[in-house]
Amino acid sequence: MYKEKKNNACILPVGHARRMPSVDIEFSDITYTVPNGRKDSKIILRGVSGQFKSGELTGILGPSGAGKSTLLNILAGYKSTGIAGHITINGVKLNSRRFKKLSCYIMQEDLLQPKLTVLEAINFSADLKLGFHVDRQTKDAIVNDILETLRLTNARETTTERLSGGERKRLSIALELVNNPPVIFLDEPTTGLDDLSSIQCIELLQRVAQSGRTVVCSIHTPSASIFAKFHHVYVVTAGQCAYRGPTDGVLPFLQQMGINCPIHYNPADFVIEISSGEYGEVYVEKMVSAVDTKCPITPISRSPKCQFEIDDKNIKIPWWDQFCTLLRRMMLQFYRDRSYILLKISLHIFLGFVIGGLFLGIGNDGSKTLFNFGFCFACLIVFLFIPMLPVLLHYPFPLGLESRSPVVDPQLYVPTQVQLVKREHFNRWYSISPYFFALTLSTIPVQIILSLIYLSMVYFFVGQPLELFRIAMFFSTCIVCVFIAESLGLAIGSTLSIVNGIFMGPVISVPLMLVAVQGLGEQDPLPFYRLVPMYLSYIRYGLEALCVAVFGYGRKNLPCPPEEVYCHYSIPKEMLRSIGMVESGFWSNFLALVVILIIIRAITYYLLRQRLQPNKTFQALHLIGRLVKSHLSMD
Ligand code: ADP
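Residues numbered from 1 in each chain as written. Predicted model: local features only at pLDDT ≥ 70, side-chain atom pairs only at ≥ 80, totals over all residues. Heavy atoms only, no water.

**Focus on the site of the ligand**
Neighbouring residues of the ligand: 13 residues in total, closest G65, G67, K68, S69 and T70. Side-chain polar atom of K42 to a nitrogen atom of the ligand: 3.5 Å apart, as the coordinates give it. Here S69 contributes a side-chain N or O atom positioned 2.7 Å from an oxygen atom of the ligand. Considered on its own, the ligand offers 560 Å² of accessible surface; in the complex 68% of this is hidden by protein. Of all the secondary structure elements, the ones that give two or more residues to the shell around the ligand are β2 (40–52) and α1 (68–76). (Near = heavy atom within 4 Å. Polar contact = N/O pair within 3.5 Å; in protein donor to acceptor, adjacent residues only side chain to side chain. Areas by Shrake-Rupley, 256 points an atom, 1.4 Å probe, with all protein chains shown as cover. Helix = DSSP H or I, 4+ residues; strand = E, 2+ residues; numbered from the N terminus.)

Have a look at this one:
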């Protein structure tokens, strides 16, 4: 159980705790600027300084738009560009990589993995954050300890979608407490909670802080009882600091400025009203200019034992442990999503009937050989859109929600995968590569099964040759195309917003389809400038492989129905010649598809990585994009 032991902040007195250093954060002259319009830039923080100590619950207060979340995001490392100033951790210059190992950031929106119970969610968090070298018994003790402390024991079997607002928030905190981080940042933890849940949430944070952690949260108009629970308050107004110090020092500070808080008035409301300029700008200026003299930053005395030291080896969880846990979690979530599975199976059966019905019995009809070509093309189109579209919806950032909370009922809000991964990756639950490999592996069985359902229906309905090697060639080509389309969807979805992704999906797909069927029936060879785009489209390789599987490899002439006078294309070789595929081989096309799949998968991995952890080039591209956007919106 959590015991309150404020004096010895160096060793956390939490039942499951490893020895963790106490961490004091100091920052001076932090300025944050964002580009604004053509030549302009907007200053959001104007040289703010302060210190947040271990063992204290600090509240960052201020009117809306003052810069509270921005300050929190900068200290947590969530924002890393456009910042000037100094941040030190226990007196040592901030090394953001190392600091992230000591801290966690609980965002305003409760981004919880769907289709998991509370117990499963926290167990997966324990496996990811502690690895497999901590035995199950110890993990169970930790999990029970946290569930009890956060009053989640009764909800342990409830799925995350069914939790109340307060329970969701407590679970978000619980998931991060598993590895006992010494620093916890929270962006407006009480937003969306009722009064009682808000008080309980802040009480919990107070207890967590008193166990030796540094807990910092931005908070919007707290009630008097919530305000009183903070040990330390930092007031921000228009990007400047208007007060920093103990909570009970706020009113004396205001008195020194010549402002008396009316009796029975909430001091939090009062200080926010004053700092927002409701009583005149003169008081705001007075507060800002008095901060350095009346609330000076005093050096923190630290015992030598509490030096800032992290043992990287102890914290690093093996790649394999992360991969196995993520794969298990993905499979469980997929299995739980029964309605989605049923929908997908029904969709494939429905399409099987539609496409099978459209091309019914043409497979062995010498007068309908061209239709058979159309059937191969239709299969590739089905396997372009059907795997791609769900990924486009499932993955992206919804517009405008990258760092802000969704203004929707949390019960109805379904975060997209990239948002969830961004939160977990930022809090160092796992690296991107085990996630990506687990994602790749988890979709393979289901995509194969769904494709087999559709293919076995249409292949039979259409009356294609029932020769094993042709079936194997046809099915394997289609399945590789499914994975290519899925990877394309993932690449687009993990890079763009839903609206842009849904637009870009077809914008990329339609040219891919069109360039693949160039030159059909033309006698002259295609010029180079038409050949290049044709062979850049994976659909061309798919089409050639399917046509060769159906018509190649010495297939005998197809029977011509008695009512037809002459069936020109009943000779398979003639058919291949007229569509320009007589010299195509199956294996070269299949190999080309596999190479394309590997390349697209590698690009997808790179794009996802840049989305979650952008390098300098991507940061610059992002900045240019924002400048262009603001240019266009000004015109
Ligand atoms: P608070 O959390 O105090 O409500 P924020 O820190 O979210 O305020 O934002 C402070 C101000 O900075 C707001 O006016 C907001 O509109 C502005 N702001 C924040 N981020 C950006 C950005 N990327 N571009 C332009 N303005 C921004």
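**What about unusual backbone geometry?**
Although it is not a glycine, T221 sits at a positive phi angle of roughly 35°. For T221, the location among the structural elements is in the loop between β8 (214–218) and α7 (224–228). For R428, which is not glycine, the phi torsion reads 60° and is therefore positive. Inspection of the secondary structure assignment puts R428 in the loop between α15 (417–426) and α16 (432–462). The class of R428 is partly exposed, set by a relative accessible area of 37%. (Buried < 20%, exposed > 50% of the residue type's maximum accessible area, 1.4 Å probe, protein only.)

**Quick look at the sheet that holds strand β5 (residues 92–93)**
What links the strands of a sheet is backbone hydrogen bonding, and the strands pair in either a parallel or an antiparallel sense. Pairing in this open sheet of 4 strands is antiparallel, and the strands run β2-β1-β4-β5 from one edge to the other. Looking along the sheet, the strands with just one partner apiece sit at the ends: β2 and β5. Where strand β1 (residues 25–36) meets β2, 10 bridges bridge the pair, whose relative direction is antiparallel. Across the sheet, the residue bridging to N36 is D40, located in β2. (Pairing = 2+ DSSP bridges.)

**Observations regarding a nonpolar patch on the surface**
Together, L347, F350, V354 and L358 make up a nonpolar patch on the protein surface, roughly 380 Å² of accessible area in all. Inspection of the secondary structure assignment puts F350 in helix α13 (residues 338–358). (Patch = residues over 30% accessible without salt bridge, like charges linked within 9 Å, V, L, I, M, F, W, Y side chains within 5 Å. Salt bridge = Lys/Arg side-chain N within 4 Å of Asp/Glu carboxyl O.)

**Quick look at the nonpolar core**
Among the nonpolar cores identified, the biggest contains 113 residues, and I25 and F185 are the most heavily contacted of them. With 8 residues, helix α3 (residues 118–130) is the single largest residue contributor to this core. With residues up to four places along the chain from it excluded, the contact list for F185 reads I25, L72, L75, A76, F99, S103, C104, Y105, I106 and V216. One finds I386, M388, V550 and M581 within the second-largest nonpolar core, a separate group that totals 60 residues. (Core = buried A, V, L, I, M, F, W, Y, C linked by side-chain atoms within 4.5 Å. Contact = heavy atoms within 4.5 Å.)

**Details of the sheet that holds strand β10 (residues 240–246)**
Taken in spatial order, the 6 strands of this open sheet run β6-β7-β8-β3-β9-β10, and their pairing is mixed. The open sheet has two free edges, formed respectively by β6 (103–106) and β10, since each of these has just one partner strand. In this sheet, neighbouring strand axes are inclined to one another by 15° on average, regardless of whether the strands run parallel or antiparallel. Sheet contacts for helix α5 (residues 165–177): β6 and β7 (183–187); angle to β6, the most-contacted strand, approximately 165°. (Axes fitted to C-alpha atoms, helices over the stretch in contact; angles between N-to-C directions.)

**Regarding the pattern of salt bridges**
This structure, assessed with the given rule, holds 19 salt bridges. Between E176 and K129 there is a salt bridge; the shortest N-O distance is 2.8 Å. Of the two residues, E176 is situated in helix α5 and K129 in helix α3; the sequence distance between them amounts to 47 residues. Given a relative accessible area of 7%, K129 falls into the buried group. Among the ionic pairs, E544 bridges to R540, the shortest N-O distance being 2.9 Å. Within this pair, E544 and its partner R540 are both found in helix α20 (residues 538–551), separated by 4 residues, close to a single helical turn. When salt bridges that share partners are traced, they join D127, R136, K139, D140 and R328 into one network.

**Thoughts on the packing of helix α17 (residues 468–493) against helix α22 (residues 586–612)**
Put simply, α17 and α22 touch, their axes get as near as 9 Å, and they point 20° apart. On the basis of their axis angle, the class for α17 and α22 is roughly parallel. Of the two elements, α17 crosses α22, and the hand of that crossing is left-handed. Of α22, the residues touching α17 (which contributes M473, S476, T477, V480, C481, F483, I484, E486, S487, L488, L490 and A491) are F586, F590, L593, V594, I596, L597, I600, R601, T604 and L607. A breakdown of the residues in the contact of α17 with α22 according to their chemical character gives 16 nonpolar, 4 polar and 2 charged. (Parallel < 35°, antiparallel > 145°, perpendicular 65-115°, else oblique. Left-handed = near helix turned anticlockwise from the far one by under 90°. Nonpolar A, V, L, I, M, F, W, Y, C, P; charged D, E, K, R; others polar.)

**Considering the side chain of H232**
Here H232 shows up in strand β9 (residues 232–237). Excluding anything up to four places from it in sequence, H232 contacts Q51, F52, E56, L57, T58, G59, R244, G245, P246 and T247.

**Digging into the pairing of strand β3 (residues 57–61)**
In terms of burial, β3 is largely enclosed, as 5 of its 5 residues are buried. With burial as the criterion, each face of β3 is covered, one bearing L57, G59 and L61 and the other bearing T58 and I60. Examined bridge by bridge, β3 and β8 share 4 bridges and lie parallel to one another. By the bridge assignment, G59 is partnered in β8 with C217. The pairing of β3 with β9 spans 4 bridges and is parallel. When the sheet's bridge partners are listed, L61 is paired in β9 with V235.

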